[in-house]
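Structure at a glance
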Amino acid sequence: MLRIILGSYERLLYGLDAVPSSTDNKSISVTQSFTYPAHISAIKSLAVTNNAKILATGASDEHVKLYSLARNREIGTLFHHTGSITALDFHSSGYLFTASEDADIAIVRVSDWEVLKVLKGHTTAIQSISIHPTGKLLLSVSIDGYLRTWDTAKASCAYTLKMPLPRPVKVQWSPCGLFYAVLFETGVCVFEVTAGKEVWRGIGLGRLTCMEFVVIDKEPILLIAGDAKTITAYNLKTQKILATLPATSKHASRIKDMSAATLNGNLILVTCSSDGGVCGWDLKACIASGSVDADGALVFEFEAKCRLTCCVAVYQIAGKVRSREDGDESESDEEVAALAEEELAESAPKVSKVAKVAKGRGVKGRVVVSYEGDEEAKDVVESAEAASKGKEKALTVSKNKAIQKKKTGANKKPFGKGKIVAKKPAQKKGE
């Protein structure tokens, strides 16, 4: 099953489930799984973990919301930025990278949602970030006109590049990590890491808004789209345009964002537009056709009826999604409890840390995790806090007993071989 998450100007978070059609193998049927008012202002960025368990959303309200996709519920909120959240990116090593209009980049540890480092260097709002597949390098672009390469281990800037074009929109690593591209409103530039130079520049494509890296038949492909309402596929190795996906009735306005994922061996590209249209494209069929305007590449269409801003698509094993109101009796209480415990252990903060953060104590980096409406998480927090207090009390009692024994000499060992020998009284002279 392909899970598609959409953000909108109306602060709504849309969830779509896409599965292969039972009547036609080439088409995909799409159903809406949820609609949720996630923020109090427009949603600007989305990110999801590789295992499709945690979703992070960023908006103009300066909040980063966290959700469990396996249970379709909110698990927490992060408050460590002082500006609109502009970019989010997960890495499989267990870290979340967040960027904001406050010109800062935060490295958040997923295990306890603690802010480990804050990267400072940009002077104006950050537009986009991208983490290298190895997790060692992070790219960021800002309105200040510079691209910065960060060493995530040292939390320092390793390289700064003055960008060749104005108004950057997005930066992204290729899946192989050998290329990276910077998208501008007026063009796109592709750089090769080994050569250390620009290998391609595309201009005259209209106003651009989004791009996506994919790999087809071991060839790195860059997809770009924008106001022209078309998607251009470019091969980085041959430096040739492979195909152009034409505009459809669902994309009457500019394409705002795109995301690619694999479903049953087919590489599906999901695009969303400002008028609420959502389209799915079979990229392999498009590239294989070799035509400029590929026909038959569109596999599904959906109308969200709102102004969409961003999207993310990820493959998820069917049958793992369980909503709050789901009354499916096929799962036993033990299975549901095990699933809840697994989700809290993998996606929510550690209970010892949550007990402190939820109560507002020991907050580091202005991170606050809330569990409003989630009674199970609240119970876990309270039980963990009670257990922690019990351990502290037991430790204090044990320590006091040890101090008391030391004062009274109860711990001193008698001399001799297990016997206490008393001294004989001294004899008086003349006796």
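Scroll up to find the structure.
Residues numbered from 1 in each chain as written. Predicted model: local features only at pLDDT ≥ 70, side-chain atom pairs only at ≥ 80, totals over all residues. Heavy atoms only, no water.

Secondary structure assignment for the protein yields 4 helices and 28 strands. Counting only residues that meet the buried cut, the protein has 48% of its 431 residues in that class. In the protein, the share of contacts with a sequence separation of at least 24, taken over all contacts with a separation of at least 6, comes to 48%. Per element, the accessible surface of the protein, about 21800 Å² overall, is 52% carbon and sulfur. (Helix = DSSP H or I, 4+ residues; strand = E, 2+ residues; numbered from the N terminus. Buried < 20%, exposed > 50% of the residue type's maximum accessible area, 1.4 Å probe, protein only. Contact = heavy atoms within 4.5 Å. Areas by Shrake-Rupley, 256 points an atom, 1.4 Å probe, with all protein chains shown as cover.)

We now examine unusual backbone geometry. Even without glycine at this site, Asp217 takes up a positive phi of about 55°. With respect to the secondary-structure elements, Asp217 resides in the loop between β20 (208-216) and β21 (219-226). Notably, Lys218 is not glycine yet its phi reads approximately 65°, a positive angle. Relative to the helices and strands, Lys218 resides in the loop between β20 and β21. For Lys218, a relative accessible area of 75% translates into the label exposed.

The 4 strands lie next to each other as β8-β9-β10-β11, forming an open sheet whose pairing is antiparallel. The sheet terminates laterally at β8 (85-91) and β11 (114-120), the two strands that pair on one side only. Shown here is a sheet whose adjacent strand axes are inclined to one another by a mean of 20°, direction ignored. As judged from the 6 bridges shared by β8 and strand β9 (residues 95-100), these two strands associate in the antiparallel manner. Bridge pairing in β9 links Phe90 to Leu96. (Pairing = 2+ DSSP bridges. Axes fitted to C-alpha atoms, helices over the stretch in contact; angles between N-to-C directions.)

Two strands pair when backbone bridges link them, and strand β18 (residues 187-192) and strand β19 (residues 197-203) are joined in this way by 6 bridges, in the antiparallel orientation. Looking at the pairing, Val190 lines up with Trp200 of β19. Linkage of β18 to β19, two consecutive antiparallel strands, is achieved through a turn of 4 residues, within which Gly196 is found at a positive phi near 70°.

We now examine the nonpolar core. By size, the foremost hydrophobic cluster in this structure holds 22 residues, and its most contacted members are Leu2, Ile4, Leu6 and Phe300. For this core, the elements supplying multiple residues, two or more each, are β1 (2-8), β2 (12-20), β3 (28-37), β24 (255-263), β25 (266-273), β27 (298-303) and β28 (308-315). In this structure, Val214, Ala243, Ala260 and Ile287 belong to the second largest nonpolar core, which totals 21 residues. (Core = buried A, V, L, I, M, F, W, Y, C linked by side-chain atoms within 4.5 Å.)

Counting buried positions over the 9 residues of β20 gives 8, a clear majority of the element. Both β20 and β21 contribute to a ladder of 8 bridges, which runs antiparallel. Opposite Phe213, over in β21, you have Leu222 as the bridge partner. In this antiparallel pair of consecutive strands, β20 and β21, the connection spans 2 residues, and Asp217 shows a positive phi of 55°.

Moving on to the state of the cysteines. Tallying each qualifying case throughout the model produces 0 disulfides. Its sulfur unpaired, Cys311 is 3.9 Å from the next cysteine sulfur, which belongs to Cys272. (Disulfide = S-S within 2.5 Å.)

Moving on, we come to the packing of aromatic side chains. Applying the stated criterion to the full structure yields 4 aromatic pairs. Seen from their ring centres, Trp200 and Tyr234 are 3.6 Å apart, and the 15° between their planes marks the pair as stacked. Taken together, the residues Trp200 in strand β19 and Tyr234 in strand β22 (residues 231-235) connect sequence positions 34 residues apart. You can call Trp200 buried: its relative accessible area is 18%. Taken together, Trp173, Tyr180 and Phe191 form an aromatic cluster joined through their ring pairs. Sitting above the plane of the Tyr146 ring, Lys162 keeps its charged end 4.9 Å from the centroid. (Phe/Tyr/Trp six-rings, centres within 6.5 Å; stacked < 30°, edge-to-face > 60°. Lys NZ or Arg CZ within 6 Å of the ring centre and 35° of its normal.)

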